[in-house]
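Listed below are the residues making up each chain.
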Amino acid sequence: MDVNQTLVKILESVGVDHVFGGSGQVNGSMLLALKRSKKIKTIIIRNEQAASFMACGYAMFSDKLGVCFATGGPGAFNLFSGLAVALSDSLPVLAITGYTSSPGRGKGSLNESTGLHRTPDSQVMFAATTKKSFIIETPDQACDIVEEAINLAFAGRPGPVHIHVPKDITISEVKNYRDIKLDIQPVGADRSEIEKFSNALAQALETEKRIGLLVGYGAIRSHAENEIREFSERFQIPVMTTMDAKGVFPEDHPLSLGVLGTSGDPGAKQFFMTAEVVLAFGNSFAENATFGFKEDLYQGKQLFHINIDPDEINKVYKAEHALISDIKIALDALSRSLPHQLDVKQPRKVEKLFQIDIPIDHHNGRINPAEMVKLMSKHLPDNAIILGDAGSHMLWLSCYLHLTGNQRYQNPGSFGPMASHVNGALGVKCAHPDKTVVCGCGDGAYQMAGFELMTAVQYDIPVIWVIFNNGEFNVIKKFLINMFGEHAYMTFDNPDYVMYAHACGADGYRIEKLEDFE
């Protein structure tokens, strides 16, 4: 068994059933090993950047390892945007790239990226965009390195890892092959920390302070939906979510206040401003959720913060009480620790005001994006996954989707590249073939990477793209006008997307009236 076959067999053993990548000379022989796999479907993309975004999508709502691969040099460098998303958004992703054979290093070999003699240094670059970058120099290192890399991708706060495979190593025999072991230790606080946190929380509950629960994306990664709901109902605590966690708590629940943030729901903001205690669970206090990092946002409030990453504690706001823990584990421990005499027996009435309930004043004759998103929300099946790419459409979706029935919404996170979810939607669908996957994207974002529609058609990956067609970079235009009273280079021409879809073998529709969209 050679290195290529070893990599494929290990990926099969950890449950990977899709990988995303591009072909090239340095990694060409790996494609032969993938071709022979009975368990892995290989998706060859049009641009390697799309492979990295698809690997992120594959990992986003699953417990699976997202895998992308590319040839050395330029192909490998196209993976950086997706790996940066995985790093900022806590996604377990493995990138495998080619590398110059040892005899050719420093000589200016084709695609060389050793950092020697005026060549780019991919080891440094991948180390800066992952939890760790590895290089397999001899075949007998293969199992050890892949084992360490995959365990690291899932350890603690998940994230991306990377492995260089030199061209001359790929077909070398691995004489010491072994099955790898996954040893992923759950992150939980010790008993004394739980007790201290629980006592402080019990005191807040006893004094009947105005308490709100603010849930972040960590709850989705932890699969803590049931624990969040049980905790909220037991103590009748109203729930707000960040944009990244929209849908983790059903928005038709009596205790749901919707999304808190710059583009959030008025009811959530109203409750938050008068709250005395905020329980931030799985929350990293992103810019949108903090109204642009408003310095006095938590002034006069008690902040209880739980996060799996110690670096997130006190990063933006000082927490009076904090736990370093996976959210699901923490909530299980707190539920056992908090005394039952604190349980609230009567349902609490919560004043709600969702953005979706506010009348829209719109008379210019064009389709209003808010009304379109309302219709989309009305017809979404249970368990649907909606992705918003970077742009104004992301804010329309966040404001006017009303998620129930285990539906999910996700935007490109804090790194936020355009086109990440135009492509990432394919990875989401591969991981969840039984769920409806919709990407709401701007025309600017779609033009950056919409040629992967051909990839979706070729591999029969049924994703729905809803393109908000306004012919401009809307968010940046608004920013320039607000700041300077003018804008520049914000408009562009669009193709006929219906003809493009048909040319690629997909269905395409142009909507002029809301009833047609419905």
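Anyway, here's the lowdown on the structure attached to this text. Once a new chain begins, its residue numbering starts again from 1 and follows that chain's sequence as written. Since the coordinates come from a predicted model, pLDDT governs what is reported: local features require at least 70, and pairs of side-chain atoms require 80 or more to be given and counted, while whole-chain, interface and lining totals use all residues. Side-chain figures throughout are based on the complete set of non-hydrogen atoms in the structure, without hydrogens or water.

Using a 1.4 Å probe on the protein chains alone, a residue whose accessible area is under 20% of its type maximum counts as buried, one over 50% counts as exposed, and one in between counts as partly exposed. We count a stretch as a helix when DSSP gives it H or I for four or more residues in a row; a strand needs E for two or more, and each element gets its number in order from the N terminus. Residues of helix α10 (residues 225–235) that are buried include every one of Glu225, Glu227, Ile228, Phe231, Ser232, Arg234 and Phe235, and no others. Once α10 ends, the next one or two residues include glutamine 236, with phi positive near 50°.

Think of a 1 Å grid over just the protein atoms. A cavity is a set of points where a 1.4 Å probe fits yet cannot get out, a pocket is an open set with protein on both sides within 12 Å along at least five of seven lines, and lining residues have an atom within 4 Å of a point. Grid points are joined across faces, edges and corners, and a volume is the space filled by probe spheres set on the points. Computed from the structure, the second largest pocket encloses a volume of approximately 390 Å³. Residue lining of the second largest pocket: 13 residues in total, with Ser392, Leu395, Asn474, Val475 and Lys478 positioned closest to the centre. Elements supplying a minimum of two residues to the lining of the second largest pocket: α14 (392–400) and α18 (474–484). For the lining of the second largest pocket, the element with the highest residue contribution is α18, accounting for six residues.

What follows covers the packing of aromatic side chains. Working definition: rings of Phe, Tyr and Trp (its six-membered ring) pair if their centres are within 6.5 Å, and the pair is stacked with planes under 30 degrees apart, edge-to-face with planes over 60 apart, and tilted otherwise. By the definition in use, this model includes 14 aromatic pairs. Both rings, one in phenylalanine 197 and one in phenylalanine 304, keep their centres 5.3 Å apart while their planes meet at 85°; by these two values the pair is edge-to-face. With a gap of 107 residues between them, phenylalanine 197 in helix α8 (residues 191–206) and phenylalanine 304 in strand β11 (residues 302–307) connect regions that are remote in the sequence. Across the pair, exposure class does not vary: phenylalanine 197 and phenylalanine 304 are buried alike. A ring pair is formed by phenylalanine 231 and phenylalanine 281, whose centres lie 5.9 Å apart and whose planes are at 65°; its orientation type is edge-to-face. In this pair, phenylalanine 231 is assigned in helix α10 and phenylalanine 281 in strand β10 (residues 277–281), connecting sequence segments 50 residues apart. The buried category is assigned to phenylalanine 231, whose relative accessible area is 1%. Among the residues examined, phenylalanine 281 registers a relative accessible area of 0% and is labelled buried. Taken together, the aromatic side chains of Phe272, Phe285, Tyr298 and Tyr317 make up a single cluster linked through ring pairs.

Okay, the pairing of strand β7 (residues 211–215) next. The buried fraction of β7 is high, at five of five residues. Neither face of β7 is exposed, since Ile211, Leu213 and Val215 on one face and Gly212 and Leu214 on the opposite face are all buried. A strand pair is defined by DSSP finding two or more bridges across the two strands. Summarising the sheet, β7 and strand β8 (residues 239–241) pair through three bridges and their orientation is parallel. Within the sheet, the bridge partner assigned to valine 215 lies in β8 and is threonine 241.

Turning next to the sheet that holds β7. Spatial strand order, β9-β8-β7-β10-β11-β12: six strands in an open sheet with parallel pairing. On the outer flanks of this sheet lie β9 (256–259) and β12 (321–324), each paired with one strand and no other. If you compare each strand with its neighbour and ignore which way they point, the axes differ by 15° on average. The pairing of β8 with β9 spans three bridges and is parallel. What sits directly across from methionine 240, in β9, is glycine 258. In this fold helix α11 (residues 266–274) packs onto β7, β8, β9 and β10, with an angle of close to 110° to the strand it touches most, β9. Under this scheme, a helix contributes an axis fitted over its contacting stretch, all axes are lines through C-alpha atoms, and angles between N-to-C directions fall in the 0 to 180 degree range. The contact rule is simple, with two residues in contact once any of their heavy atoms fall within 4.5 Å.

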